[in-house]
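# Structure assessment
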Amino acid sequence: MLVNGKSYQTIWMEGSSVMMIHQNMLPFNFHIHECKTYWDTCMAITEMVVRGAGAIGAAAGYAMAQACMEAPEENYIGFLKEARQDIESTRPTARNLFYAVERVFEAGKISREKAMEEAVEVARKDAEDTRSIGLYGSQLIRSKSRILTHCNAGWLAFVDYGTALSPIYTARDQKKNVFVYVDETRPRGQGARLTAWELNNENIPHLIIPDNAAAGLMAEGKIDLVIVGADRIARNGDVANKIGTLDRAILASHYGIPFYVAAPTSTFDKDCKSGKDIVIEHRNQDEVLYQDGIDTNGNMVRIRVASPGSDAYNPAFDVTPAKLISGIITEKGVVKAHYQSIAALLKN
Ligand code: MRU
């Protein structure tokens, strides 16, 4: 995607360093963060310098490849196993992270070079898949559609293109005059900060809305379609995604509005029978109690926005049951959110 006229991906390798767009500094500063070691890359995932299912999948794959480069000859496999544990402990919910680590770990058992090739391939395929999601998803978008999206499932959340936003970019290219309502997505504000920044860069008309405005807008008939991303999809079609997704799905069902999930097959987890098996990350309460922003001098500041002395509860994801989902947009086409369709999808 273009930033100030220059083409970027969210994450890439330069020599033995992993380079990434620093997402905690967006939309105020555009900064490239360098991770020189696999441990630096782990820290970047934990602290959400890089975030979003596909992007942390690519980061985790690169981290595993870095570990292969760093591993001493005499304890090569032992080092890899410990590194794998470190990488898999960074964030629990997004399936893509575990998918990428598994693939690169297996390649690393053959050689360091194979590990690096595999990590590059995981990232390349992520970009290719999300481009295809755009093509399939755009077929669901009518001219002048008003689309609601939650969190950030745009190109920043993947290596390129994104999932929920990829169909919107394609529909724009098809001159469909789409309009996007962007949930601000408390507590970290991925919608207000990242999705809005992406849409601004692409000149796509949009409005940021408070998270609690969606019901009113739907009741007024102002939303035609909802598209969200996914962090992990169970075999029965239940979907874990950013906290607040479930509310939108219930609302969409109530008002008869199509509710689509967009995700590559690398987000599906054959080991999860249903959403009950998905581990939900709980994050630091400070994300709820404080907000980051910039002051009038352009300096990054953190302010408390909640009553001093109160604690907060901060689950990062929720699970939307399959029955509330109109369909899942994948790189292989749009499938129904139920066992048989998903089994057939994953077999091909
Ligand atoms: O906690 P994050 O920002 O890594 O959350 C992941 C997400 O961006 C969303 O849940 C998104 O909708 C799905 S991942 C593209």
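Residues numbered from 1 in each chain as written. Predicted model: local features only at pLDDT ≥ 70, side-chain atom pairs only at ≥ 80, totals over all residues. Heavy atoms only, no water.

### A closer look at the overall build of the chain
Counting its regular elements, the chain contains eleven helices and 17 strands. Radius of gyration (C-alpha) of the chain: 20 Å, near the 20 Å computed for a compact globule of 348 residues. Summarising its shape, the C-alpha atoms of the chain cover approximately 65 × 55 × 45 Å along the three principal directions. Counting only residues that meet the buried cut, the chain has 55% of its 348 residues in that class. Of the contacts formed within the chain by residues at least 6 apart in sequence, a portion of 74% connects residues at least 24 apart. Put simply, the chain has 38 plus and 42 minus side-chain charges, and the middle of one group is 7 Å from the middle of the other. (Helix = DSSP H or I, 4+ residues; strand = E, 2+ residues; numbered from the N terminus. Rg over C-alpha atoms; globule rule 2.2 N^0.38 Å. Buried < 20%, exposed > 50% of the residue type's maximum accessible area, 1.4 Å probe, protein only. Contact = heavy atoms within 4.5 Å. Lys, Arg positive; Asp, Glu negative; His and termini not counted. Charge placed at Lys NZ, Arg CZ, Asp CG, Glu CD.)

### Thoughts on the pairing of strand E8 (residues 206-209)
Pairing geometry for strand E7 (residues 179-183) and E8, over four bridges, is parallel. Along E8, the bridge assignment pairs Asp-183 with Ile-209. (Pairing = 2+ DSSP bridges.)

### Comments concerning the side chain of Thr-90
Topologically, Thr-90 is positioned in the loop between helix H3 (76-88) and helix H4 (95-110). At a separation of 2.7 Å, a polar atom in the side chain of Thr-90 contacts the main-chain carbonyl oxygen of Ile-87. (Polar contact = N/O pair within 3.5 Å; in protein donor to acceptor, adjacent residues only side chain to side chain.)

### So, the site of the ligand
Taken together, 17 residues lie around the ligand, and Arg-51, Arg-91, Asp-231, Asn-241 and Lys-242 are the ones closest in. Arg-51 places a polar side-chain atom, nitrogen or oxygen, 2.5 Å from an oxygen atom of the ligand. In the environment of the ligand, an oxygen atom lies 2.7 Å from a nitrogen or oxygen atom belonging to the side chain of Asn-241. Burial of the ligand by the surrounding chains reaches 100%, relative to a free accessible area of 390 Å². In the shell around the ligand, the residues fall into eight nonpolar, five polar and four charged. Split by domain, the shell around the ligand shows at least three residues from each of two domains, domain 1 (2-130) and domain 2 (140-347). (Near = heavy atom within 4 Å. Areas by Shrake-Rupley, 256 points an atom, 1.4 Å probe, with all protein chains shown as cover. Nonpolar A, V, L, I, M, F, W, Y, C, P; charged D, E, K, R; others polar. Domains from an automatic or database assignment.)

### What about the packing of aromatic side chains?
As enumerated under the stated definition, the model contains seven aromatic pairs in all. Taking the centre distance of 4.9 Å and the plane angle of 70° together, the rings of Tyr-8 and Phe-30 count as edge-to-face. One end of the pair, Tyr-8, is in the loop between strand E2 (6-7) and strand E3 (11-14); the other, Phe-30, is in the loop between strand E4 (17-21) and strand E5 (32-35), and 22 residues separate them in sequence. One aromatic cluster in this structure is built from Tyr-8, Trp-12, Phe-30, Trp-155 and Trp-197. Its guanidinium or amino end placed over the ring of Phe-105, Arg-84 lies 4.7 Å from that ring's centre, counting from NZ or CZ. Lying across the ring of Phe-317, Lys-242 places its NZ or CZ 4.3 Å from the centre. (Phe/Tyr/Trp six-rings, centres within 6.5 Å; stacked < 30°, edge-to-face > 60°. Lys NZ or Arg CZ within 6 Å of the ring centre and 35° of its normal.)

### As for the pattern of salt bridges
For the structure on display, the rule yields 22 salt bridges. A salt bridge links Lys-109 to Glu-106, with the shortest nitrogen-to-oxygen separation between them at 3.2 Å. With a gap of three residues between them, Lys-109 and Glu-106 both fall in helix H4, about one helical turn apart. In this structure, Asp-224 engages Arg-146 in a salt bridge whose closest nitrogen and oxygen atoms are separated by 2.9 Å. Linking Asp-224 in the loop between helix H8 (214-219) and strand E9 (225-228) with Arg-146 in strand E6 (residues 146-149), this pair joins segments that are 78 residues apart in sequence. Asp-224 gets classed as partly exposed once you look at its relative accessible area, which sits at 30%. (Salt bridge = Lys/Arg side-chain N within 4 Å of Asp/Glu carboxyl O.)

### Some thoughts on the domain arrangement of the chain
Along its sequence, the chain is carved into domain 1 (2-130) and domain 2 (140-347). Computed from C-alpha coordinates alone, the two centres of domain 1 and domain 2 are separated by 23 Å. Facing 38 residues of domain 1, the contacting portion of domain 2 comprises 40 residues. The largest share of the area that domain 1 buries against domain 2 comes from Thr-93, Arg-95 and Thr-130, three residues that together contribute 21% of it. Seen at the junction of domain 1 and domain 2, the total is one salt bridge. (Buried area = accessible area lost by both parts, 1.4 Å probe.)

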